[in-house]
Amino acid sequence: MPVFGSLNAGMGGAPGCNCYSTGMSFLGELKRRNVIRVAMAYVVAAWLIIQVVETIFPAFGFGPGSVRIAVIVLAIMLIPVLVLSWVFEITPDGLRRESELERPGAVARFPKQRLDRITMVLLALALGYFAIDKFVIDPVRDRQLVEAARREGRSEIVLEAFGENSIAVLPFVNLSPDPDQDFFSDGITEEILNLLARIPDLRVISRTSAFSFKGRNMKIGDIARELGVRYILEGSVRQADDRVRITTQLIETSSDRHVWSESYERKLDDIFAIEDEIAASVLPAIEYQLTGRPPTAARTDPAAYALYLQGLYFFLQRTAAGLDRAIEHVTRAIEIDPGYAPSWTLLGSAYINQVNLGKRPFAGGYRQATEAIDRALALAPDYALAHSARAWIAMARDRDYVAAAGHFRRARLLAPNNAVVLGNNSVLAVRLGRLEDALRLTERSIELDPVNSVDYGNRADQLMRLGRLAEAEQAARKSLELSPGMSYAHANQARVLLLQEQPAAALEEAEAIENEASRQALTALAWYDLGDHEAADRALAVLRDQHAPDAAYLLGLVHAWRHEIDEAFTWLNRAIEEEQSLFGIRTEPFLQVLHDDPRWEETLEKVGLGERQIAEIEL
């Protein structure tokens, strides 16, 4: 028995019990001195600080190293915080040593519940920040990263595909005594650019993107990286009386090396020869092997050419006032030389754009446009922009999609790197329901014109029709970023927002749309989705009473969205009978509710867009 007693004492007697009691006393002391509570509060506060640092510091130029430093410092500071919480105690009178609180009559300790509440507040702040970061900040940051990666990736792919054969023609500087001669230097740049764009396998950045750098003090290398090109052509123009002096230089951007330069000083009558010589000289300078003769510019009277360039200058402003002035100048140019095809093409294109802005009646505007474009093609059967405009007329007015496809094929053969031709061709693909083809054409156009808001607007429209709404919203925002006042960009953004069930935001966007009929249609849709049917009915009434002769399609679209099926077909049939525009009826998401109705296919067949009718059309 003594043996068992000794064994029991040795293995589990008093010494073991004393050790366990000491451990419990230490843990209890940590709790009593609020060390554990302070540690928990510190950890939550430190996590919150790290999250804020990670979000805020990059905005002030601090790199990832700053976040690592913050984490290390906060981790190290935990030790002195715990030591201080052991030695000192918070009281209503401030910090006091723990030993002082053991004396009789000492001040009361800080209530433990209050420390718990502070910890809970910090935890609530941390959770709130986490939610904001996850659902508000993160999506914006992700969109920015995706857009940056997409731009960078596209530039690398394009450079790899085209190699040395990529060039941007920056706007030539106007050195004339008259600063209002900008239109002349811009026009010279445009003509040289168009000549180079007719060269197969040569990637030439389109006018909109090249001219976006006008007046900006940027290094050539930075411009080249943004546009994704190997070469940049720049120059200056000085016109005085009947003399013109043009100086040009070609720069290889990776080395910032001037590979070619030349000055031309001649009579104004020789301006076209100068343009031809500059385009022809660029090709051997970039070691491009051209098969056949280099393209040449069409000739006209110098006075008519100056008026044409002024008309082009105003046309490219893409405003109602600009179109009026463009028509005024180009009409005067035609009076001087009615045999210059580009003038007729510009006139017809201005009429089409006025129709699109609601500033000219559909039937009358397209009749005038057709007369001008047909005259241009009679004068110059191989003028690519005239074929592109004629294709648009065949598509939008005549509903002759076979003819439209034929004109676009011809235009792309004549000017394979013209972004305007590619962008217009993508609209035909949308009409035919070939959305993936349309998106490919638009992406190609963006490669040639990377800061053109219209191309991003087309991209938003096509992605929306494909149901890729997040990407569509991103493209619509990019379009607005590039051209904040463009009506088409606001209309696209409003449509995407409606499909994303954000009618309040869509209503705000609709207010910025210049085209009255489109604005009323989208306003009616937004009010309907907001549940204010009286406001929706008022907007619909304005659309019906004031714009029905040109907006029957939009009226059908609004009624379809409201699930008023019979009214929708009534207005669509009226649009067909009166030969109004049907936009992209075949793939219009706002008409989706009509697709199961047997009248839908009949409606498509009336306008040449039935399944059987479009199957054989070759883009």
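The structure reproduced in this document is the subject of the present report.

## Examining helix H12 (residues 341-356)
Then comes step 1: The terminal C-alpha atoms of H12, which comprises 16 residues, lie 23 Å apart, in line with the 22 Å expected from a rise of 1.5 Å per residue.
Then comes step 2: For H12, the buried fraction is high: 14 of the 16 residues fall into the buried class.
Then comes step 3: Within two residues after H12, glycine 358 carries a phi angle of roughly 75 degrees, on the positive side.

## Points about the packing of helix H10 (residues 302-315) against H12
Then comes step 1: It is the contact of H10 with H12, at a shortest axis distance of 11 Å, that shows an interaxial angle of 25 degrees. Classified by the angle their axes make, H10 and H12 are roughly parallel. For the element pair H10 and H12, the recorded crossing hand is left-handed. Between H10, through Tyr308, Gly311, Leu312 and Phe315, and H12, the contact on the second element is made entirely by Pro342, Ser343, Leu346, Ser349, Ala350 and Asn353.

## Comments concerning a nonpolar patch on the surface
Then comes step 1: A cluster of nonpolar side chains, Ile69, Val73 and Met77, forms an exposed patch at the surface whose accessible area comes to about 270 Å².
Then comes step 2: With respect to the element layout, methionine 77 can be found in helix H4 (residues 64-87).
Then comes step 3: Given a relative accessible area of 41%, methionine 77 falls into the partly exposed group.

## Some points on the nonpolar core
Then comes step 1: Judged by nonpolar contacts, the single largest core of 122 residues is most densely connected at Leu196 and Leu233.
Then comes step 2: Counting residues per element, this core draws most heavily on helix H23 (residues 533-561), at 12 residues.
Then comes step 3: One finds Ile205, Ala210, Ile232 and Ile251 within the second-largest nonpolar core, a separate group that totals 13 residues.

## Some remarks on the pairing of strand S7 (residues 243-252)
Then comes step 1: Sheet topology places strand S6 (residues 231-240) next to S7; 10 bridges connect them, and they run antiparallel. Paired with glutamate 234 across the two strands is glutamine 249, which belongs to S7.
Then comes step 2: Where S6 folds back on S7, the antiparallel hairpin that results is connected by two residues, among which aspartate 241 adopts a positive phi of roughly 55 degrees.
Then comes step 3: Note that S7 and strand S8 (residues 257-267) share 10 bridges and pair antiparallel. The residue of S8 that forms the bridge with isoleucine 246 is tyrosine 264.
Then comes step 4: As consecutive antiparallel partners, S7 and S8 are separated by four residues, and within that stretch aspartate 256 has a phi angle of approximately 60 degrees, a positive value.

About the thresholds
Residues numbered from 1 in each chain as written. Predicted model: local features only at pLDDT ≥ 70, side-chain atom pairs only at ≥ 80, totals over all residues. Heavy atoms only, no water. Helix = DSSP H or I, 4+ residues; strand = E, 2+ residues; numbered from the N terminus. Expected span 1.5 Å × (residues − 1). Buried < 20%, exposed > 50% of the residue type's maximum accessible area, 1.4 Å probe, protein only. Axes fitted to C-alpha atoms, helices over the stretch in contact; angles between N-to-C directions. Parallel < 35°, antiparallel > 145°, perpendicular 65-115°, else oblique. Left-handed = near helix turned anticlockwise from the far one by under 90°. Contact = heavy atoms within 4.5 Å. Patch = residues over 30% accessible without salt bridge, like charges linked within 9 Å, V, L, I, M, F, W, Y side chains within 5 Å. Areas by Shrake-Rupley, 256 points an atom, 1.4 Å probe, with all protein chains shown as cover. Salt bridge = Lys/Arg side-chain N within 4 Å of Asp/Glu carboxyl O. Core = buried A, V, L, I, M, F, W, Y, C linked by side-chain atoms within 4.5 Å. Pairing = 2+ DSSP bridges.

Everything listed is a geometric property; what it means functionally is a separate question.
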